[in-house]
Amino acid sequence: MKSIEINIKEALRFVNADKVNAFEAAAIQGIANLNETKGAGSDFHGWVNLASETTQELVADINATAQRLREACDYVVCIGIGGSYLGAKAVIEALSNSFDAYMAPAGNPKVLFAGQNIGEDYLFELQNFLADKRFGIIVISKSGTTTEPAIAFRLLKEQLERQAGKDAAKSLIVAITDEKRGALRQLANEEGYTTYVIADNVGGRFSVLSPVGLLPIAVAGHDINALLQGAIAMEEATRNPGEQNIAQTYAQMRNALYADGKKIEILVNYNPKLHFLSEWWKQLYGESEGKENKGIFPASVDLTTDLHSMGQWIQEGERTIFETVLSVEESNHTCVIPSDEANLDGLNYIAGKRVDYVNKMAEIGTRIAHVEGGVPNIRISIPRLDEHSLGQLIYFFEKGCGISGYILGVNPFDQPGVEAYKKNMFALLEKPGHEEATAAIKEKL
Ligand code: PA5
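Read on for a plain summary of the structure. (Residues numbered from 1 in each chain as written. Predicted model: local features only at pLDDT ≥ 70, side-chain atom pairs only at ≥ 80, totals over all residues. Heavy atoms only, no water.)

This paragraph deals with the sheet that holds strand 6 (residues 194–197). The five strands are arranged 3-2-4-5-6 in an open sheet whose pairing can be described as parallel. Of all strands in the sheet, those with a lone pairing partner are strand 3 (110–114) and strand 6, marking the two edges. Mean inter-strand twist for the sheet, computed between neighbouring axes without regard to direction, equals 20 degrees. Contacts between helix 4 (residues 56–72) and the sheet are confined to strand 2 (75–79), strand 4 (135–141), strand 5 (173–177) and strand 6, with strand 6 contributing the most and set at about 145 degrees to the helix. (Pairing = 2+ DSSP bridges. Helix = DSSP H or I, 4+ residues; strand = E, 2+ residues; numbered from the N terminus. Axes fitted to C-alpha atoms, helices over the stretch in contact; angles between N-to-C directions. Contact = heavy atoms within 4.5 Å.)

Following this line, the structure appears as structure tokens:
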């Protein structure tokens, strides 16, 4: 089975190998921390061996629940936000037909998402859409108390009970939450929903290979066993420090670039199916490293689309950026550009070529232009978009993130800053228990 690979040649033009090697000792320490469950945030190291420790019983159980939902529903709404949504969304988008949402659901339920915003129009339109549909719900919240998914769940649960009947609704709702704590756990226990547990030692943004990601991915019809196998292969490949450890290479390189003034990392893809993989990656790295007034700002573009909007800035804007390019080696389908006798569009010079060939030329041309324009380039090649490769990629980025955060000197596994907006929102909403904060914030209005 081919593995994902990293190429840092076009980044080493900007920072020499000595500067990268200067981070080797810290990277080795980071890997040791992860292997031996020590260092800052070690109580959240559960993701490190999550894939290899997932039992076949759990996989079979998740697949059975997925099958039950697939048979009973045309639409399954996945409710969650942040780490309780982005991983599943990323994998489903990467593996599904781009026009899946427009296809008839027969035998293959569509996975929809809610609770990832507080958009009133979004929720209204979703409820309207589901009004005459057979639907089910997977509600995901580690804490079980997050406001956005709680609102969406309250609305959709009431609708499902109304449409399907209270008893039937119980079998159409699955909750994924903490084993004991939180409002969702209590509600799920009282209603008798099927539940899965998010382990205490797995943080939200590292949870895609737990039931949080696996159940929605299985409902969408993808092979979660192959996804896990890919992750296990990468667990093994990145367990020990050394030149062969691509997560270590990535972590050292990006820290060397950061130390050299490259404050923004742009994750670049040349495949629209990877748009949400970038969104997942942004949370992973942003929430893990953006602390103590430091951390690379994670940004992303979809190319070549965004070359027609962001291309100018990347080529000639402030030179504080570097690119990490996701390049898929093999397309899953073939599309050949036809010849045209009139050739009015002048495209006959590429007639007979595959669309992917043109895309690859765009990637190479863009890389040369951006490197010449002062943008270091890290390239990650992915054999093809399938479950095994995505499992590898997910684990590669998780491991790279853990090592990189330790090199940076932060706790990569907490997110104290996420609480700030919640406190203010609760104060403004006058949530019971927040009276003092309500009074204080009103002074500021
Ligand atoms: O990574 C994280 O911890 C966060 O992004 C959470 O996943 C997000 O805030 C949702 O939290 P919860 O799953 O508790 O509802």
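With respect to spatial proximity, 13 residues lie near the ligand, and among them Ser84, Ser141, Ser143, Thr146 and Gln283 are the closest. Ser143 is positioned such that a nitrogen or oxygen atom in its side chain is 2.7 Å from an oxygen atom of the ligand. Across the complex, the protein chains shield 88% of the 380 Å² of accessible surface that the ligand would expose by itself. (Near = heavy atom within 4 Å. Polar contact = N/O pair within 3.5 Å; in protein donor to acceptor, adjacent residues only side chain to side chain. Areas by Shrake-Rupley, 256 points an atom, 1.4 Å probe, with all protein chains shown as cover.)

Next up on the list: the packing of aromatic side chains. Using the criterion set out here, one finds 15 aromatic pairs in the structure. Note on Trp47 and Phe206: the rings are 4.8 Å apart at their centroids and 25 degrees apart in plane angle, and the pair reads as stacked. Separated by 159 residues along the polypeptide, Trp47 in the loop between helix 2 (24–36) and helix 3 (50–53) and Phe206 in the loop between strand 6 and helix 10 (211–219) bring together distant segments of the chain. Each member of the pair, Trp47 together with Phe206, is buried. Ring plane angle 85 degrees and centroid distance 5.0 Å describe the contact between Tyr75 and Phe129, whose orientation is recorded as edge-to-face. Of the two residues, Tyr75 is situated in strand 2 and Phe129 in helix 6 (residues 120–130); the sequence distance between them amounts to 54 residues. For Phe129, a relative accessible area of 33% puts it in the partly exposed group. (Phe/Tyr/Trp six-rings, centres within 6.5 Å; stacked < 30°, edge-to-face > 60°. Buried < 20%, exposed > 50% of the residue type's maximum accessible area, 1.4 Å probe, protein only.)

We now examine the side chain of Ser327. On the secondary structure map, Ser327 appears in strand 9 (residues 321–330). Within the structure, the side chain of Ser327 is placed 3.0 Å from the side chain of Arg379, a separation counted as a polar contact. In this structure Ser327 touches Glu363, Arg379, Ile380, Ser381 and Ile382, once residues within four positions along its chain are discounted.

Within the open sheet, the five strands sit side by side as 1-10-9-7-8. Their pairing is mixed. Both outer strands of the open sheet, strand 1 (5–7) and strand 8 (297–302), are each paired with one neighbouring strand and no more. When the angles between neighbouring strand axes are averaged without regard to direction, this sheet yields 20 degrees. Across six bridges, the pairing between strand 7 (residues 264–269) and strand 8 is parallel. For Ile266, the partnering residue across the bridge sits in strand 8 and is Ala299. Across the face of the sheet, helix 13 (residues 275–289) comes into contact with strand 7, strand 8 and strand 9 while running at roughly 175 degrees to strand 8.

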